[in-house]
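Read off the chains here:
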Amino acid sequence: MISLFRILLLSGLFCFGRLASAADSLDTIIIDAGVDDPVRIAVVPFRQRVSMTADGKPLYAFDGLQNMSDIIGFDLARSGQFAPLDEGNMLSYPAEHKEVFFRDWRILGVEYLVIGRANFEFNGDVSVSYHLYDIANERQLLSDRVTATRAKWRDIAHHISDVVFEKTTGIRGAFSTKIIYVLAKDAGSPSATFSLELADSDGERARTLFSSHEPILSASWSPDGRQVAYVSFETGRPAIVLQYIESGSRELLTQFPGINSAPVFSPDGRSLAMVLSRDGNPEIYVMNLADRRLRRMTRHHAIDTEPSWTPDGQNLVFTSDRGGKPQIYQLEMSTNFIERLTFQGDYNARARLLPDGRHLIFVHRRNGVFHIAWQDLERDVLRVLTQTSLDESPSLAPNGTMLIYATQDRGKGILAVVSIDGRVKYRLPSSSGDVREPSWSPFIRTLSEG
Amino acid sequence: MTQHWLRSFLLMMLAGLVLAGCTTTSSETEQPQGSDQAQDPPDTAPPEPPPVEKPDYELIDGVLKYRDSPVSQTFLFDYDRAVISPADLSELEKHAAYLNENRDKKVVLEGHCDERGTREYNLALGENRSNAVRGFLISAGVSASQIETVSYGEERPVDPGHSDAAWARNRRAVLIYR
């Protein structure tokens, strides 16, 4: 049996790089830093049983599918909170409850153990049962079974990662989320192409939502995860486009003279904040998506741009150079009261609020270099989270623990992720071109069941 | 931003004064027909060779030429600024002169930025740059209906590099004849 596992394991490892190279997927994640004392977890390779037909032929094969344990282990590793045990160091390979011997894991200093089995049902669906154990207390923390179509293979793995993460850290996992980003090929040449890409949060399974020979930027998810608003220059001028992700149907929402940019959905999904310069210079507007009526929110001869909403939907946070340099301001919509939020440094822009509404992330220039910074609004503490340069477009994971941003690596645009405390870091490069303008999805349902 | 605008406006006024002379001379020699010239040349003047029929300004394949030499159509800006360089005013004045004499001609003014700073802010900054050129042309008599502006922010660098030199080339307004 062990040798069979080894083969499956090896094939799983082999698949690892191969799957990542599909079409324009991002390359394999490079983990740069995690927490100092990560939780030691063991994710045992899932036992994959091939169903046989009556005449002894395999009914469905696992060809091309990465072992669930690889996907889960990598999810947990890139969170920076966990150090998954190397499979080669495991003393046993349990796949069901009765095969678990706690001492095998205690010797290795493992705190948590994940085991599971994957089978194909006769209709071709994948059925996965899994268990999570607390080794110190010799306790099973959870046991569940998930069934879904073969196409949902990776979704099942990410779902298990989410459940394990939440059970062990108390924080809702965001591994099942997606990212949207812009892939630019031959950027800076007349033959440049731009495409809006949708991928899993680990960069896998990328697919193109829209492509153009003209620039695309500022993608923003609707809170239900069904639509994306972005800026497209496809008409030769900037226009705001609303696109349904599943059907692909698109609508040109605004195309006024001048700038049409920076669309951001309100937390209730009913409005879209945006920037228009149709009245002479860039101002913040809010569009009611039901009747498409526009309400002008700012009146200033300076640049007002990059709006975002406070989680309660009552205020807009935006960038303005009304004080001479770009800084972040907050507008209380009911009173039109405007307050400046950032005072450290001479370039603070494109802010987003954490789900708690008390902390801000934004682009901050220090010594001429652009970084992503975090600020506690109540205590006025500012922390620079990144050491890279030309950092921009920070977008928060829906659980508020990490953010994805765009940066440069050896002259190439890449995506990178950093935790809100700055300790965990990983990169998502692309061999297909320059990647930029990432936008992390809200929590979305990737499996039909709860 | 008010200061920027004030400054660029003052520069325009100054440039207008300085260039007033040049414009008159160029428009005098510009008359291709030569029929409605108010003053006849004095009799005492020696017989001149027949006037060259070729106009001072020619638009060939989107390139404006003044007396056969191309007029610059790209104007560079300082970092995070949208003020036209005084050195560019004479070239811009030539575009204004051409557009004033050819009311059917239209231009698109593109505003561009270098990659530093956020993309949306740069979209706004690029618009300020194209508007600075637009303001100059309008103050020099060009009709607003002849001008269209579009900001590309940092999305269309002319130099994909990441050096100071590349950034300097990318901070620009580009005048394109339609």
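Residues numbered from 1 in each chain as written. Chains lettered and ligands numbered in written order. Predicted model: local features only at pLDDT ≥ 70, side-chain atom pairs only at ≥ 80, totals over all residues.

Visitor: How do you make sense of the sheet that holds strand E4 (residues 74-76) of chain B when you look at a structure like this?
Guide: Note: strands within a sheet are paired through backbone hydrogen bonds, in either parallel or antiparallel orientation. All names here are of chain B. In spatial order, the strands read E4-E7-E5-E6; together these four strands make up an open sheet with mixed pairing. Each of the sheet's edge strands pairs with one partner strand only, and the pair in question is E4 and strand E6 (147-153). Averaged over all adjacent pairs, the angle separating strand axes in this sheet is 20°, with direction ignored. Of the pairings in the sheet, the one linking E4 to strand E7 (residues 172-177) comprises three bridges and is antiparallel in character. By the bridge assignment, Leu 76 is partnered in E7 with Arg 172. Against the sheet, helix H3 (residues 119-139) engages E4, strand E5 (107-112), E6 and E7, with an angle of about 155° to E6. (Pairing = 2+ DSSP bridges. Helix = DSSP H or I, 4+ residues; strand = E, 2+ residues; numbered from the N terminus. Axes fitted to C-alpha atoms, helices over the stretch in contact; angles between N-to-C directions. Contact = placed C-beta atoms within 7 Å.)

Visitor: Is there a simple way to think about unusual backbone geometry in this case?
Guide: Most peptide bonds take the trans configuration, and most residues that are not glycine carry a negative phi. Residue and element names in this part refer to chain A. You will see that Arg 350, though not glycine, has its phi angle at about 50°, which is positive. Mapped onto the fold, Arg 350 is located in strand E23 (residues 348-353). By C-beta crowding, Arg 350 is classed as buried, having 29 other C-beta atoms within 10 Å. Phi is positive for Leu 390, close to 55°, though the residue is something other than glycine. Residue placement: Leu 390 occurs in the loop between strand E26 (381-384) and strand E27 (392-396). Owing to 17 C-beta atoms within 10 Å, Leu 390 belongs among the partly exposed residues under this scheme. (Buried ≥ 20, exposed ≤ 12 C-beta atoms within 10 Å, placed from the backbone.)

Visitor: Quick question: what am I supposed to make of the pairing of strand E2 (residues 63-66) of chain B here?
Guide: Across a regular strand the side chains alternate sides, sitting on one face of the sheet and then on the other. Residue and element names in this part refer to chain B. Judged from the four bridges that link them, strand E1 (residues 57-60) and E2 form a sheet pairing that is antiparallel. Bridge pairing in E2 places Tyr 57 opposite Tyr 66. Between the antiparallel neighbours E1 and E2 lie two residues, among them Asp 61 with a positive phi of about 50°. Here two bridges tie E2 to strand E3 (residues 69-70), and the two strands are oriented antiparallel to one another. Of the residues in E3, the one forming a bridge with Lys 65 is Pro 70. The hairpin turn running from E2 into E3, its antiparallel successor, is two residues long, and Arg 67 in that turn takes a positive phi close to 50°.

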